[in-house]
Amino acid sequence: MNTISDGRPGEKRLMQGNDAFARGALEAGLAVAAGYPGTPSSEIVENLARVSRERNIYVEWSVNEKVAMEVAAAASFAGLRSAAIMKQVGVNVAADFMLHLSETGTRGGMILISCEDPGALSSGNEGESRPFAKLFEVPLIEPADFQEAKDMTKWAFELSEEIRNLVMIRSVTRLSHASGNVVLGELPAETPAARFEHKGDFMDPDKGYMVPFPVHFRHLQMQKKLRKAVSIFEDCPFNSYEGPEAPEVLIVTSSAGYLYSKEAIQLLGVEGRVGLLKMGTTWPLPPKFMEKYLSTSPVIYTVEEVLPFLEDNVKILAAELAGRIGVKTFHGRSDGTLPSVNELNPDLVAAGLSKILSLEYTAMAPAYAEIAQAAGATAAPARDLAFCAGCPHRSSLWTIHNVLEMDGREGFLCGDIGCYTLGVMATGYGTLKTVHAMGSGTGLASGFGKLKQFGMDQPVLSVCGDSTFFHAVMPALVNAIHNQADMTLVVLDNSGTAMTGFQPHPGSEEDAAGNAVPALDIAEIAKAMGAHVEQSDPFEVAATQNKLLSLLDKGGVNVFILKQGCALGPEKKGRKLFDVSVDEDVCFGENCGCNKLCTRVFKCPGLKWDPEKKTARIDDVICSGCGMCASICPSGAIQKKEIA
Amino acid sequence: MTNQTLSADPFNLIITGVGGQGNVLASKLIGNMLADQGFYVTIGETFGASQRGGSVMSHLRISTKSSLSPQMPRGKAHAIVSLEPTEAIRVLQEYGNPEVKVISNTRPVYALEVISGEISYPSDEELKGWMQKLTGAYWLIDATDQAVKMGNPILGNVLLVGALAGIGDLPLTKEGFRKVMARTMPASKLDINLAAFDKGLAMIN
């Protein structure tokens, strides 16, 4: 089977954007990569980990993004080429270190790849990391297609070594998770040697101290490095222009916006009227290069996702250059030519362009659109996200929800980031009442758990997964214990970072490269911290319910670990524990006291309602055989038989 | 890069379904079969949280000229392969046109609100009626049922890839399929997948 390390130089491959980033790093001679899983970034580290032995590189899943960036920086300080890889929110976590890293600078080429999610296709936000490049004064580059994803990654290491600072690469879902043709380059033959030189003069960038002092001097150095990057950007093959010499409208774009804009120009047939300036280097913008193209057109249309970052920087530059390039009219995200939120696509860019050019643009014939809308309204039922059949989170949230209802004091569950975030929806019975960042559920519970003195008597619960526990929940739990809060943390331990594809974490018995490692025990850690710890199997409904009920009035900090593997995990996928069936003679459906509890409330996708026979049924293709529905059926109509 | 021509350039294909049906794998297979022949192939995938019951959609843009936007423009699909019948309707709503060809699995995957009885699932007649109105040609295939008979419902996606080869709008061949499978799948799975491809192909011819 193919990996990113095979293939001859010059060979053309269909590659996912994330494959191309990983391949580019290998071609550059990357020695160390570290990251934390997060969609749409995870495949880069996975790809590198898969070839780590063969290529003699070191690749790790770090406990969180800040540590990932520190691990990668250590390699750079020791003279190696390294990468820190994460999704956009991870850069927030790593930001504190990133500021200081920019002050000390780097030695071996070091890159940050931030994969962002305009449109929040798999995120709880449309967060941007591009402003961090400006804030921390490091260069930012943005590939626009699959070939550039590979080539610009390779180039970023050279740039980093030239300026001796971190280079930030920004990707988006529509590049990371899209695929296109890539021509492969050569892979280096040798592994470099690592050594951290620290015996030189204090200020020696190669052999001195990697510290931010003296601050003003280091800050000046940072800015000097950035100016050097600008001079390199002035003559960079990844910035390009296509279109007429004096376009009526100049589109300035980057990243996925390039292919959308190119298609929008074709859709409207305005190739002769509109110019397309694709910027691969988006911070800082190279002023001379920009002046050349900004001077060609009175109207500037910036196409980017999501915030007007490029647009604002173009405006600043245009103001500075106004004496030479004249006054411009600007369109983009700021003036409503493009929507101020969400990802773009060719139609949105075309709609904006047609407005600017006063052209008609109809994507779909109105007569067809009318029938299609009617069809969609009746024959394409909305599909809310749901926990998979056999998901232990459904069982855990079922019990937590029922226990809070039985308790009757309007207790609540503070949520966190993982598959269980879906617990805010019908599939988790709307049990989660807050969702913010990684670890925030327990931080909030720690705060809520101190409000008794103000008369708050509601039981306080938080929830997290096993990977999230290590990532950011531990400090919040320590905080709750130290400050004597009253709360219960429920850890939904499904044995892996399930949401992003079962990457290992500190509680796993394997590391990123598949080496056996000692698994950290969440229960032992919580006990050592001083929490009262209970454990249960969420599929054992009655036992789980009783244990949780007893914890609600216990006071202090409790940790309740619900351990049951993910239904899609490597040990379980495709293997049914039970053969589940419905005894049609016993199921009374609507006439049962439960009134279809299984399909109406429990709602596992493995269940279906037979409107003819008026009984529940099992969908054998979807059912994963967990047997949970048999435990909740009050009449005993759903039966489970253990499969040998 | 290729001397071959396409019935449309770019040819816009959508593979759709529900998380867990093997949608992404099908798009990779088709993409690689075409890239092997020298075409530019751009695949845009929407599969973020889709393992958890959501709709999944892959856009394939096939061209002799260049990479294209990973999201195709509205109303511009030439063919749609759907692993779930109501997902075909959802896609037609955005990307359909009077000439589009649709191949759809007949096996429903019920949405949460359908399971709970809050909304109803369209009847076969209703689905056929909309297909008639919204497509140039359509084929409804019991791919999952056939796949179950072959031993694994997941083969439904490969059956539909075979069916797409069967309509002949794209240069997809069994030999090309074998070549891609050989380098992306464990050898033990090759025969059953080839059989599923043949089965799908036969269901069109």
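Residues numbered from 1 in each chain as written. Chains lettered and ligands numbered in written order. Predicted model: local features only at pLDDT ≥ 70, side-chain atom pairs only at ≥ 80, totals over all residues. Heavy atoms only, no water.

Focus on the side chain of Glu-11 of chain A
All names here are of chain A.
Here is step 1: Topologically, Glu-11 is positioned in the segment before strand 1 (12-16).
Here is step 2: Within the structure, the side chain of Glu-11 is placed 3.3 Å from the side chain of Arg-13, a separation counted as a polar contact.
Here is step 3: Apart from the residues within four sequence positions on either side, Glu-11 is in contact with Val-182, Val-183 and Leu-184. (Helix = DSSP H or I, 4+ residues; strand = E, 2+ residues; numbered from the N terminus. Polar contact = N/O pair within 3.5 Å; in protein donor to acceptor, adjacent residues only side chain to side chain. Contact = heavy atoms within 4.5 Å.)

Notes on the sheet that holds strand 18 (residues 487-493) of chain A
All names here are of chain A.
Here is step 1: With parallel pairing, 6 strands are arranged side by side in an open sheet as 16-15-17-18-20-19. Two strands lie at the open edges of the sheet, namely strand 16 (432-434) and strand 19 (532-536), each paired on one side alone. The average undirected angle you get between the axes of adjacent strands in this sheet is 30°.
Here is step 2: Pairing between strand 15 (residues 412-414) and strand 16: 2 bridges, direction parallel. Pairing of Leu-413 across the sheet is with Leu-432, part of strand 16.
Here is step 3: Strands strand 17 (460-465), strand 18, strand 19 and strand 20 (557-563) of the sheet are contacted by helix 19 (residues 541-552), whose axis makes an angle of about 165° with strand 19. (Pairing = 2+ DSSP bridges. Axes fitted to C-alpha atoms, helices over the stretch in contact; angles between N-to-C directions.)

Overview of helix 13 (residues 346-357) of chain A
Residue and element names in this part refer to chain A.
Here is step 1: For helix 13, spanning 12 residues, the distance from its first C-alpha to its last is 16 Å, which sits close to the expected 16 Å at 1.5 Å a residue.
Here is step 2: For helix 13, the set of buried residues is Pro-346, Asp-347, Val-349, Ala-350, Gly-352, Leu-353, Ser-354, Ile-356 and Leu-357.
Here is step 3: Buried residues belonging to helix 13 abut strand 10 (249-253), helix 10 (257-268), strand 11 (274-278), strand 13 (299-303) and strand 14 (329-331).
Here is step 4: Regarding helix 13, its N-cap is Asn-345, as a side-chain oxygen of that residue lies 3.0 Å from the backbone nitrogen of Asp-347 further along.
Here is step 5: Residue Ser-358 follows helix 13 closely and has a positive phi angle near 55°. (Expected span 1.5 Å × (residues − 1). Buried < 20%, exposed > 50% of the residue type's maximum accessible area, 1.4 Å probe, protein only.)

A word on the domain arrangement of chain A
Residue and element names in this part refer to chain A.
Here is step 1: In terms of domains, chain A is made up of domain 1 (12-233), domain 2 (240-357), domain 3 (392-563) and domain 4 (578-642).
Here is step 2: Just the C-alpha atoms count here: the centres of domain 1 and domain 3 sit 33 Å apart.
Here is step 3: The interface is formed by 16 residues belonging to domain 1 together with 15 residues belonging to domain 3.
Here is step 4: A combined buried area of about 1100 Å² lies between domain 1 and domain 3, and 55% of that area is made up of carbon and sulfur atoms.
Here is step 5: Counting the surface domain 1 buries against domain 3, the share from its top three residues, Tyr-36, Trp-61 and Val-63, is 40%.
Here is step 6: Here domain 1 is connected to domain 3 by 0 salt bridges.
Here is step 7: Our enumeration of links across domain 1 and domain 3 arrives at 6 residue pairs in polar contact (both at pLDDT 80 or more).
Here is step 8: For the side of domain 1 that touches domain 3, the elements supplying multiple residues, two or more each, are helix 2 (42-50), helix 3 (52-55) and strand 3 (58-61). (Domains from an automatic or database assignment. Buried area = accessible area lost by both parts, 1.4 Å probe. Salt bridge = Lys/Arg side-chain N within 4 Å of Asp/Glu carboxyl O.)

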